[in-house]
Structures are given as C-alpha cells and as structure tokens.
Amino acid sequence: MSNCCTPDGSCHTDAQVTTTSDGQVTTTYKVVGIGSAHCRGVVTDALGGLDEVTAVGVEIGTGLVTVTTAAEPDEALDALIAKTVDEAGYDFAGRATA
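Residues numbered from 1 in each chain as written. Predicted model: local features only at pLDDT ≥ 70, side-chain atom pairs only at ≥ 80, totals over all residues. Heavy atoms only, no water.

Asks: Any chance you could explain the overall build of the protein here in plain terms?
Replies: For the protein, the count of helices and strands is two helices and five strands. Going residue by residue from the N terminus, the α and β elements of the protein occur as β-β-α-β-β-α-β. Buried residues in the protein amount to 35% of all 98 residues. Contacts in the protein between residues far apart in sequence, at least 24 positions, make up 62% of those at least 6 positions apart. Accessible surface computed for the protein: about 5300 Å², of which carbon and sulfur atoms make up 51%. (Helix = DSSP H or I, 4+ residues; strand = E, 2+ residues; numbered from the N terminus. Buried < 20%, exposed > 50% of the residue type's maximum accessible area, 1.4 Å probe, protein only. Contact = heavy atoms within 4.5 Å. Areas by Shrake-Rupley, 256 points an atom, 1.4 Å probe, with all protein chains shown as cover.)

Asks: Would you mind going over the pattern of salt bridges with me for this structure?
Replies: Close approach of charged atoms allows side chains with opposite charge to pair. Counted according to the given criterion, the structure contains two salt bridges. Between D78 and R95 there is a salt bridge, with the nearest N and O atoms lying 3.0 Å from each other. One end of the pair, D78, is in helix 2 (residues 75-87); the other, R95, is in strand 5 (residues 91-95), and 17 residues separate them in sequence. Residue classification places D78 among the buried positions, given a relative accessible area of 4%. By relative accessible area, R95 is classed as buried at 10%. We note a salt bridge from K83 to E87, for which the minimum N-O separation is 3.9 Å. Of this pair, K83 and E87 both sit in helix 2, four residues apart, roughly one helical turn. On the accessibility criterion, E87 (59% relative accessible area) is exposed. (Salt bridge = Lys/Arg side-chain N within 4 Å of Asp/Glu carboxyl O.)

Asks: Teacher, can you tell me more about the side chain of T26 here?
Replies: Mapping T26 onto the fold places it in strand 2 (residues 25-32). A polar contact of 2.5 Å, which involves the side chain of T26, links it to the side chain of T18. For T26, the residues in contact, after removing those within four places along its chain, are Q16, V17, T18, T20, T66, V67 and T68. (Polar contact = N/O pair within 3.5 Å; in protein donor to acceptor, adjacent residues only side chain to side chain.)

Asks: What's the story with the nonpolar core in this structure? I'm lost.
Replies: Judged by nonpolar contacts, the single largest core of 17 residues is most densely connected at I34, L47, V65 and I81. Not counting chain neighbours up to four residues away, the residues in contact with I34 comprise C39, R40, V43, V58, E59, I60, G61, G63, V65 and Y90. (Core = buried A, V, L, I, M, F, W, Y, C linked by side-chain atoms within 4.5 Å.)

Asks: Please clarify how a negative patch on the surface should be interpreted in this entry.
Replies: On the surface, D51, E52, D74 and E75 cluster together to form a negatively charged patch. Here E75 lies in helix 2. When its relative accessible area of 44% is taken as the criterion, E75 is described as partly exposed. (Patch = residues over 30% accessible without salt bridge, like charges linked within 9 Å, V, L, I, M, F, W, Y side chains within 5 Å. Lys, Arg positive; Asp, Glu negative; His and termini not counted. Charge placed at Lys NZ, Arg CZ, Asp CG, Glu CD.)

That's the geometry; what it means functionally is another story.
Right under this line is the structure:
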C-alpha cells in the first residue's frame, strides 16, 4: 500500500489546499459515489468524527469533499481520510486538483 494520497500511488502537488483567515486549512478531496443527501450525510458524519477534522463540506453529484483541519494534512491524515471514506462505503479518489 502506498503512502501517497491516491489509491494508484500518485500524489497531487497542485491539490486544492487553502488557509482561512483564522488559520484553519481546507483541503478538497474527490469521493466517488456521493449521489444523494443520504450519501452526503454518511460521508460528513464519518469524516466529521475524526479528531483532526474541524469541518466537512460535501457536494452531491460532484463528489468534492472539503475537509477543514487545524494544520495542513500530511500523508498520514490523507491515508486516514481515505480509510474512513472506504469504511463508509465510498471510493476515495485522492485530493482534488485546482
């Protein structure tokens, strides 16, 4: 298993990562299979339960998931997010590119 941010072992250096005015970091990931409000709720609850995550936003249809953390996520947090999404029954596709 790779320590990179996508299942195929590729890492995105141009991923959407921004820092808010209060110092929080938002990172956008792509998750396949979010097609309803129910799916959005499952993914939001799963990722929102992680200690490192302070907020989660999920777009139905696009599968874009915005995760807010106190610090920029590293490979370990990306792997934890991937595992959590997988355990929730969805396919993690890595960080979304800009």
